[in-house]
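Examination of the molecular architecture
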Amino acid sequence: MSIEIEKLVSQPEPTIVIYDDTFDAEDEVSRYVHDDLLPTLGLLATDDELAKEKVAIALQSIVFLVAESISGLGPEVKDALHLQKEHFQFARAHLPEGGVALFHLVKDWQVSLREYLASQLKINSRREAIFNTCERFKIDLVEFSKLFPKLP
Amino acid sequence: MSNLFLEFLHWTPSRAIRALYPLLFWIIFLRLIQQMGISSIPIFSGLLSYFWFVLEILALVIVAFYCLLVLIFSIWTSNSYVTIQNNIPGFLKAFLKNPSPGTEATFKAEVRDLLIAARSTVTLIFLGLASSIPTHLSRHRKTAILSQIAFLVQLLALAVLTVVVSNYLSAQFGPLVVNTAWYDFSSPVISITLLAAFSIVDFGIEIEEVRNPIWKKVGTSTLRVDNFLFEFTLLDRVMEIVDYSVWKIRFGNDFASNIECPDNRTLTKIFGRALNNHIGPSLLFSYRYEELFPQKLLKGLAKFTKVRELIRFYSPVSYVGMDKDRKSCVLIATIYKSRDRRMSLWTGSTAMTRNIVTACTNYDRDVLGMYGAR
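First, a word on scope: everything that follows refers to the structure included in this document. (Residues numbered from 1 in each chain as written. Chains lettered and ligands numbered in written order. Predicted model: local features only at pLDDT ≥ 70, side-chain atom pairs only at ≥ 80, totals over all residues. Heavy atoms only, no water.)

1. Some points on the packing of helix α5 (residues 99-123) of chain A against helix α6 (residues 126-137) of chain A
Any two packed helices are characterised by how steeply their axes cross, that is the angle between the axes, and by the distance between the axes. Residue and element names in this part refer to chain A. Across the interface, α5 lies against α6 with an axial gap of 9 Å and an inter-helix angle of 150°. Accordingly, the angle class assigned to the pair α5 and α6 is roughly antiparallel. By crossing handedness, the relation of α5 to α6 is classed as right-handed. Across from Trp 109, Ser 112, Leu 113, Tyr 116, Leu 117, Gln 120 and Leu 121 in α5, the residues of α6 making contact are Arg 126, Ala 129, Asn 132, Thr 133, Arg 136 and Phe 137. When the residues that make up the contact of α5 with α6 are grouped by side-chain class, the tally is seven nonpolar, four polar and two charged. (Axes fitted to C-alpha atoms, helices over the stretch in contact; angles between N-to-C directions. Helix = DSSP H or I, 4+ residues; strand = E, 2+ residues; numbered from the N terminus. Parallel < 35°, antiparallel > 145°, perpendicular 65-115°, else oblique. Left-handed = near helix turned anticlockwise from the far one by under 90°. Contact = heavy atoms within 4.5 Å. Nonpolar A, V, L, I, M, F, W, Y, C, P; charged D, E, K, R; others polar.)

Below, the structure is given as structure tokens:
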């Protein structure tokens, strides 16, 4: 399964989402990214904690976006999602193997995020631009502040 | 308005000044008149004393009438929360007994229909009324003139009542303040300075509120002026107390309203964490504007284009949280986008409500503050 960031973030927002015990599932993803995935990324053999944190945020966001894209209720119910633990496990399992592929994926995600935020800042207030970016890329405000200590 | 001034207006003492402004205004203003000897003009005092008693009685009738209206409206709107709390367990039991895509779709639709019946319809009726009155008045000139005269009589009567209350309070508590404060209250300069400072705070907040989209969409310039004039009467404050009391009596500290809140993604995380910590296994439903105000419902508002636009702008989102083990409703939240995002929140426990409110406030202050985006 190939992951295309642009395709994932340009999907229309679902009108109904059911979060079925997803908090634990997201926690598990976070642990997996920090404990298992980050150490395998040879390119990140650095002491720069912030850089590692930025990559972790990107990977968690990608897992969420993939989980969301596969969690539709089916053709009979349009625009509705039922997010469950299994969707996160599936998304986690389908992240590309190998540091280089992951690195490219994170790079794509970062470029896409930066472009989206810049476009939002042109048409919205700072507050709404930040909010829309968080919603689109499935990151929270704290994660946003780590990615952008200053607005571009 | 600059961010610094806005911060100042949001400051708790500024809010306290606003709450007491009608009383403070009349206490200081009457004192000023006394200091300048204006009250001794015979026509002024003669006319007022002639109508004083009639205006007092009229004001009491007006206050009682509006309080009754607010009481009915508050009970009606708060009923929507009770209806949702009472109906969710039945839907949840039926779904958990036989979980399948089919029953899930039914469950989701049942909760949505409940939100529409209980919350969206109330909102539409309120906005429809708010929009139709100015439209009606703009088309019927005679009615508009009569209503404006009625408004001015109301205003005068309510101002008289506010003066009576101010006089009573200043007679009771005035000596305490004057005797303990180091200010020279006999100086008109001090009175004018205080009056100006309090007026800047109160009207600063009022101007902020009038910039709210609801005023732009359904308000008129006459209504705005009327709203400013009402700042010299106690009516708004009394109505707010009635509304606040109804919600407090029904839900205690489990309910919080007008909370500044972050984006939906951050909010979902805050809710998820709260449900995880306080409840355990849970379901959290999120319904966007398109589901809460479906086309079928908005068709009934064919004449009210402004209301439709306003709802689209508000983009309300509702969250309903459920406890899977106890099969009960544990969270109801509605978020409206206005100049910022505001949330009404009820949860099954005071601690959970407090935690969510604190988290929202912290995100807002710490993160948005660092970008100057509050």
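2. With respect to unusual backbone geometry
Non-glycine residue Lys 138 of chain A carries a positive phi angle of around 55°. Along the polypeptide, Lys 138 of chain A turns up in the loop between α6 and α7 (141-147). In this structure Lys 138 of chain A comes out as buried when scored by relative accessible area, which is 9%. The backbone of Lys 327 of chain B shows a phi angle near 50°, a positive value even though the residue is not glycine. (Buried < 20%, exposed > 50% of the residue type's maximum accessible area, 1.4 Å probe, protein only.)

3. A short note on empty space enclosed by the protein
Left-over empty space is what a probe sized like a water molecule reveals as it rolls over the atoms. Under the definition given, this model contains two cavities of 30 Å³ or more. Approximately 140 Å³ is the volume attributed to the largest cavity. If you trace the largest cavity, you find 15 residues lining it, with Asp 21, Thr 22 and Phe 23 of chain A together with Gly 272 and Ser 282 of chain B closest to the centre. Listed by contribution, the elements that provide at least two residues to the lining of the largest cavity are α2 (22-40) of chain A together with α10 (264-278) and β2 (282-287) of chain B. In terms of residue class, the lining of the largest cavity is made up of five nonpolar, six polar and four charged. Space inside the second largest cavity adds up to approximately 40 Å³. What lines the second largest cavity is Leu 115, Arg 119, Ser 120, Thr 123, Leu 292, Phe 293, Pro 316, Ser 318, Thr 334 and Tyr 336 of chain B. Those elements that provide at least two residues to the lining of the second largest cavity are α4 (101-139) and β4 (328-337) of chain B. When residues of the lining of the second largest cavity are assigned to their parent elements, the largest contribution, four residues, is made by α4 of chain B. (1 Å grid on protein atoms, 1.4 Å probe; cavity = no way out; pocket = protein on both sides within 12 Å on 5 of 7 lines; lining within 4 Å. Points joined across faces, edges and corners; volume = space filled by probe spheres on them.)

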